[in-house]
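What follows is the residue order along each chain.
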Amino acid sequence: MKAQLLIAIAENDDQKQPEAKNVLRESFTNANIPAEIEVYAGTLHGWCPLDAKVYNAEQAEKAWGRMLALFARALA
Amino acid sequence: MCDNDSFDDMLEYQLRTGVSRRQFGALSFGLGLTSVLSVVDAAVETVGAEVEIKTGDGTADAYFVHPSKGKHAGVLIWPDIFGLRPAFKQMATRLAESGYSVLVVNQFYRIKKAPTSEEHADFSDPETRKVLSGMSATLNPDTAMVDAKAFIAFLDHQPSVDKKRKSAPLVIVWAVRSSCVPLLSCQSALVQRLPFMAAGWSPTNQKVLIF
């Protein structure tokens with residue numbers, strides 16, 4: 001596998017499964033796969049789509065920026 | 001937005017902020033995309049069109065948008081449970097303006113053409129919730145493989161898509177239930193073309209699956 005990953009986790013999803021991010025980090029580290037894994041403070045499940053009830057403009061913009069950074073890096 | 005726990009959190013959030021999805025929609029679409037999306041992208045001129053893609057199970061409707069000139073990395077967007085709708089077309093267009101050829105699909109094409117949910121669909125309405133959850137439940141690893149092959153093949157045949165190795169299609173995953181299935185089902189033959197679909201999170205046994 002040659003993927004690079006961006007995993008943006010909502011704060012309330014993280015609260016339900018706080019160990020998940022650690023399992024993800026460990027798994028991708030062991031597999032030598034670059035993965036940016038972050039819990040986005042103050043966000044609720046589904047905060048990125050523009051018309052979402054829980055849309056969080058500031059954090060959605062951050063995630064979008066990280067996505068563009070990943071694409072620029074991975075597809076250079 | 002895919003499960004009951006998340007829904008309860010949404011209610012809390014709404015009460016806290018006093019912002020409804022409808023209000024936000026009116027705000028964002030009224031003011032236009034650029035005023036809402038503050039990250040400054042180097043916007044290029046784009047061309048977008050509704051398209052139909054033959055799959056092993058039927059014909060999928062989708063929206064394909066790409067820069068007017070040149071060849072670019074292909075991006076495949078699998079929307080959340082509310083499906084293909086204006087917000088996702090806007091997001092696809094924004095990504096295209098950054099120099100990608102973007103296909104955003106109606107993942108529920110087996111049931112009906114987009115839009116597959118009402119405008120400003122409210123997940124707090126029991127009937128809406130039941131319908132959307134039922135649609136989501138029709139997707140599984142088998143349907144995901146059928147669809148992924150067809151969508152990637154579509155991208156591969158577009159003059160605006162660069163098929164070189166470092167421009168292989170990407171997948172953006174927005175929501176778990178309706179879109180994680182392709183992550184869990186990729187076979188090795190496809191992985192070389194789908195670097196971003198080659199790993200997944202299994203919610204049931206909480207393991208990372210790497211193919």
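Relevant structure appears above.
These lines cover the structure that appears in this document, whether it is placed above or below. (Residues numbered from 1 in each chain as written. Chains lettered and ligands numbered in written order. Predicted model: local features only at pLDDT ≥ 70, side-chain atom pairs only at ≥ 80, totals over all residues. Heavy atoms only, no water.)

Another aspect to go through is the nonpolar core. Among the nonpolar cores identified, the biggest contains 33 residues, and Trp47(A), Leu95(B), Tyr100(B) and Val102(B) are the most heavily contacted of them. Within the residue set of this core, elements represented by two or more residues are helix H3 (57-74) of chain A together with strand S2 (58-67), strand S3 (74-78), helix H4 (86-97) and strand S4 (101-105) of chain B. Ile53(B), Ala62(B), Tyr109(B) and Ala148(B) belong to the second-largest nonpolar core, a separate cluster that totals 17 residues. (Core = buried A, V, L, I, M, F, W, Y, C linked by side-chain atoms within 4.5 Å. Buried < 20%, exposed > 50% of the residue type's maximum accessible area, 1.4 Å probe, protein only. Helix = DSSP H or I, 4+ residues; strand = E, 2+ residues; numbered from the N terminus.)

It is worth spelling out the packing of aromatic side chains at this point. Taken as a whole, this structure holds five aromatic pairs over all chains when the rule is applied. On the basis of an interplanar angle of 70° and a centroid distance of 5.7 Å, the ring pair of Trp78(B) and Phe151(B) is categorised as edge-to-face. With Trp78(B) in strand S3 and Phe151(B) in helix H6 (residues 141-156), this residue pair connects regions lying 73 residues apart in the sequence. Grouping residues by exposure puts Trp78(B) and Phe151(B) together as buried. We note Lys62(A) situated over the ring of Tyr40(A); from NZ or CZ to the ring centre the distance is 5.0 Å. (Phe/Tyr/Trp six-rings, centres within 6.5 Å; stacked < 30°, edge-to-face > 60°. Lys NZ or Arg CZ within 6 Å of the ring centre and 35° of its normal.)

With that out of the way, let us pick up helix H2 (residues 20-30) of chain A. All names here are of chain A. Within the sequence span of H2, burial applies to Ala-20, Lys-21, Leu-24 and Phe-28. Along H2, the residues classed as buried sweep out an arc of 95° about the axis, all on the same side. Facing away from the buried side of H2 by over 90 degrees, the exposed positions are Glu-26, Thr-29 and Asn-30. Positive phi appears at Asn-32, one or two residues downstream of H2, with a value of about 60°. (Arc of directions from axis to C-beta.)

We now examine H3(A). Its 18 residues place the ends of H3(A) 25 Å apart at the C-alpha level, agreeing with the 26 Å of an ideal helix rising 1.5 Å per residue. Every buried residue belonging to H3(A) is among Gln59(A), Ala60(A), Glu61(A), Ala63(A), Trp64(A), Met67(A), Leu68(A), Leu70(A), Phe71(A) and Ala74(A), and all of these are buried. (Expected span 1.5 Å × (residues − 1).)

Here the focus is the environment of Leu24(A). All names here are of chain A. When you line up the elements, Leu-24 lands in helix H2. Residue classification places Leu-24 among the buried residues on the basis of a relative accessible area of 7%. Sequence-wise, Leu-24 and Ile-7 are 17 residues apart; in three dimensions their C-alpha atoms are separated by 9.1 Å.

This part is about the environment of Ser133(B). All names here are of chain B. Of note, Ser-133 is situated in helix H5 (residues 126-136). Residue classification places Ser-133 among the partly exposed positions, given a relative accessible area of 33%. Between the alpha carbons of Ser-133 and Phe-82 there is a distance of 9.9 Å; along the sequence they are 51 residues apart.

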